[in-house]
Amino acid sequence: MATFDVVIIGGGVVGSSIAYHLAEAGCSNVVIIERNERQEMGSTGKSAGGVRAQFATPINIRMSRYSINCFAHFEELTGHTADYRPHGYLFVATSERHLAVLRANRQQQIAQGLTNVEIVTAEDIVRMVPQLRAEDIVGGSFCPTDGFVDPYSVLRGFSARARERGVQVWLNTEVTGIEVEQDRVSGIVTTQGRVATRTVVNAAGPWAAQVARLAGVEIPVSPLRRQIVNTQPFDQLPRPLPMVIDMSNGFHFRREGEGILMAWPDSQETVGFKTTFDQEFIEKILTRAVNRVPCLAEAQVNPRRCWAGLYEVTPDHHAIIGPAPGVDGLFFANGFSGHGVMHSPATGRIVSELILHGQSPVLDASVLSVERFAAGQLIKETAVL
Ligand SMILES: Cc1cc2nc3c(=O)[nH]c(=O)nc-3n(C[C@H](O)[C@H](O)[C@H](O)COP(=O)(O)OP(=O)(O)OC[C@H]3O[C@@H](n4cnc5c(N)ncnc54)[C@H](O)[C@@H]3O)c2cc1C
């Protein structure tokens, strides 16, 4: 029977980052178990790749700062590119209430050491993106080190370097059981047989609640469809273009290659494992797009570049990171609520340190413990997309 120090369930960007961080810390008797034939077939391959530190809560800001620094040095660290493009995130407010939120967030960001976020005027915004309809814009905020990465490249970089250090990746293998003896993990059952281990990490993305249940534990992580629409090549918007967020309705867009990538959180969406792209979404998003960026009326949608994937959402839109209560040796790295790619480096660092040392002093993530839900200590984030 195979025996590993650590078994990671799920080979997406989060599981890969945890494996990388464990291996870099000298723990490489590790296996990633992935049921698909390729590691990017879960949420990671559907991500828009946005990375930002413009959040409201200290933990999100700190995780982003750690992660963006990692993306900026990714090639030195892993030998692979993350394709990090620091083109910025531009939040656009059309109400004094939203502008006040951005100002308050900036104070928190400064307190966490993020000093390059600027509050910008409507005139500044029009200078950056002259094509915006601006008569109702009251101001916004801009951070130049926010931007984008290529999620596939990040996954590959982490995973390849972990493999070079001795980590194994088992593809086409599903975990069907987690064995617990006297409140302690003792092994897992897979479609390729049993594996002995005393440490298991749940990095199963939108399927996290099902995997937790294999050990008899409940975690509040729900799958929620998110859809992306890309246009054909479109040259009427600047390049480079930041991620622009219309705070009045959550519509956001950025440049992707020659075209424009557009997203919008549809409040009609309901929880479930739906991943088919809904053609009616195109009309819905274009209405919001043309309202803020009139010239997008002339853009052609690229039907081959429209897709749907799953967010893995928690009740307070923050991740669940840390040990499982009542099952020694089981760790969660779940529920990223739309931030799993951008927070994957920080998550890998935190989870690897918790496994190896029982604490993570560089990035204390104890507020993200699953116990917060039962204790009623939910964390409030105002900058949710
Ligand atoms: C449309 C869209 C846009 C997004 N945009 C952004 C963005 O701009 N920025 C950002 O940071 N995040 C974004 N996200 C969120 C991000 O993609 C996720 O948070 C992230 O990919 C989660 O990574 P993961 O490794 O936890 O999950 P996944 O990539 O889903 O990996 C989990 C893996 O676990 C495997 N698995 C599950 N159960 C089992 C089992 N029993 N046995 C073996 N394997 C199992 C699955 O097959 C899967 O491959 C977006 C998501 C979507 C859908």
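Definitions and limits used
- Residues numbered from 1 in each chain as written.
- Predicted model: local features only at pLDDT ≥ 70, side-chain atom pairs only at ≥ 80, totals over all residues.
- Heavy atoms only, no water.
- Buried < 20%, exposed > 50% of the residue type's maximum accessible area, 1.4 Å probe, protein only.
- Helix = DSSP H or I, 4+ residues; strand = E, 2+ residues; numbered from the N terminus.
- Pairing = 2+ DSSP bridges.
- Near = heavy atom within 4 Å.
- Polar contact = N/O pair within 3.5 Å; in protein donor to acceptor, adjacent residues only side chain to side chain.
- Areas by Shrake-Rupley, 256 points an atom, 1.4 Å probe, with all protein chains shown as cover.
- Core = buried A, V, L, I, M, F, W, Y, C linked by side-chain atoms within 4.5 Å.
- Disulfide = S-S within 2.5 Å.
- Phe/Tyr/Trp six-rings, centres within 6.5 Å; stacked < 30°, edge-to-face > 60°.
- Salt bridge = Lys/Arg side-chain N within 4 Å of Asp/Glu carboxyl O.
- Expected span 1.5 Å × (residues − 1).
- Axes fitted to C-alpha atoms, helices over the stretch in contact; angles between N-to-C directions.

## A word on the pairing of strand β14 (residues 222-230)
Okay, step 1: Of all the nine residues making up β14, eight are buried; the element is thus mostly covered by neighbouring parts of the structure.
Okay, step 2: In this sheet, strand β18 (residues 307-313) lies alongside β14 in antiparallel orientation, the contact comprising seven bridges. Across the sheet, residue arginine 225 finds its bridge partner in β18, namely leucine 310.
Okay, step 3: In the sheet, β14 pairs with strand β17 (residues 259-263) via three bridges, with the strands oriented antiparallel. Residue pairing across strands places asparagine 230 opposite leucine 261, the latter belonging to β17.

## Considering the site of the ligand
Okay, step 1: In the region of the ligand, 39 residues are neighbours, and Glu34, Thr44, Gly50, Glu312 and Met342 sit closest.
Okay, step 2: Between glycine 49 and the ligand, the recorded distance is 3.4 Å, taken from a backbone N or O atom to an oxygen atom.
Okay, step 3: In isolation the ligand offers 1,000 Å² of accessible surface; the protein chains occlude 97% of this area.
Okay, step 4: Contributing elements (two or more residues each) for the shell around the ligand: α1 (13-24), β14 and β18.

## Concerning the nonpolar core
Okay, step 1: Counting residues in hydrophobic clusters, the biggest one holds 51 residues, and the most contacted among them are Ile8 and Val201.
Okay, step 2: Of all the elements in the fold, those that place two or more residues in this core are β2 (6-9), α1, β3 (30-33), α2 (58-72), α6 (151-164), β20 (330-334) and α9 (344-357).
Okay, step 3: With seven residues, the single largest contributor to this core is α1.

## Observations regarding the state of the cysteines
Okay, step 1: Throughout the structure, instances matching the rule amount to zero disulfides.
Okay, step 2: Note on cysteine 27: no disulfide assigned, nearest cysteine sulfur contributed by cysteine 70 at a separation of 19 Å.
Okay, step 3: Cysteine 143 carries a free sulfur, and the closest cysteine sulfur to it, the one in cysteine 70, is 17 Å from it.
Okay, step 4: Here cysteine 143 falls in the buried class, since its relative accessible area comes to 0%.

## Brief notes about the packing of aromatic side chains
What characterises a pair of aromatic rings is the spacing of the ring centres plus the angle enclosed by the ring planes.
Okay, step 1: Taken as a whole and assessed by the stated rule, the structure comprises nine aromatic pairs.
Okay, step 2: Seen from their ring centres, tyrosine 89 and phenylalanine 91 are 6.4 Å apart, and the 40 degrees between their planes marks the pair as tilted.
Okay, step 3: Look at phenylalanine 251 and phenylalanine 253: their rings are 5.6 Å apart centre to centre, the planes differ by 20 degrees, and that puts the pair in the stacked class. Here phenylalanine 251 matches phenylalanine 253 in class, with each residue buried.

## Structural notes on the pattern of salt bridges
Okay, step 1: Overall, the coordinates contain 21 salt bridges when judged by the stated rule.
Okay, step 2: Here arginine 156 makes a salt bridge to glutamate 40, at a shortest N to O gap of 3.1 Å. In this pair, arginine 156 sits in helix α6 while glutamate 40 sits in the loop between β3 and β4 (50-51), placing the two residues 116 residues apart along the sequence.
Okay, step 3: On the basis of relative accessibility, which here comes to 26%, the residue arginine 156 falls in the partly exposed class.
Okay, step 4: Glutamate 164 is the partner of arginine 161 in a salt bridge, and the nearest nitrogen-oxygen pair spans 2.8 Å. Here the residue arginine 161 and the residue glutamate 164 both occupy positions in helix α6, the gap between them amounting to three residues, near one helical turn.

## Some thoughts on α9
Okay, step 1: The first and last C-alpha atoms of α9 sit 19 Å apart over 14 residues, in line with the 20 Å expected at 1.5 Å per residue.
Okay, step 2: Counting buried positions along α9 gives eleven out of 14 residues, so the element sits mostly inside the fold.
Okay, step 3: Positioned one or two residues after α9, glycine 358 has a phi angle of 80 degrees, which is positive.

## Overview of the sheet that holds strand β9 (residues 168-170)
Okay, step 1: Ordered in space as β9-β3-β2-β13-β20-β19, the six strands form an open sheet in which the pairing is mixed. Strands at the two margins of the open sheet, each flanked by one partner only, are β9 and β19 (320-323). Shown here is a sheet whose adjacent strand axes are inclined to one another by a mean of 20 degrees, direction ignored.
Okay, step 2: Judged from the three bridges that link them, β3 and β9 form a sheet pairing that is parallel. Along β9, the bridge assignment pairs isoleucine 33 with tryptophan 170.

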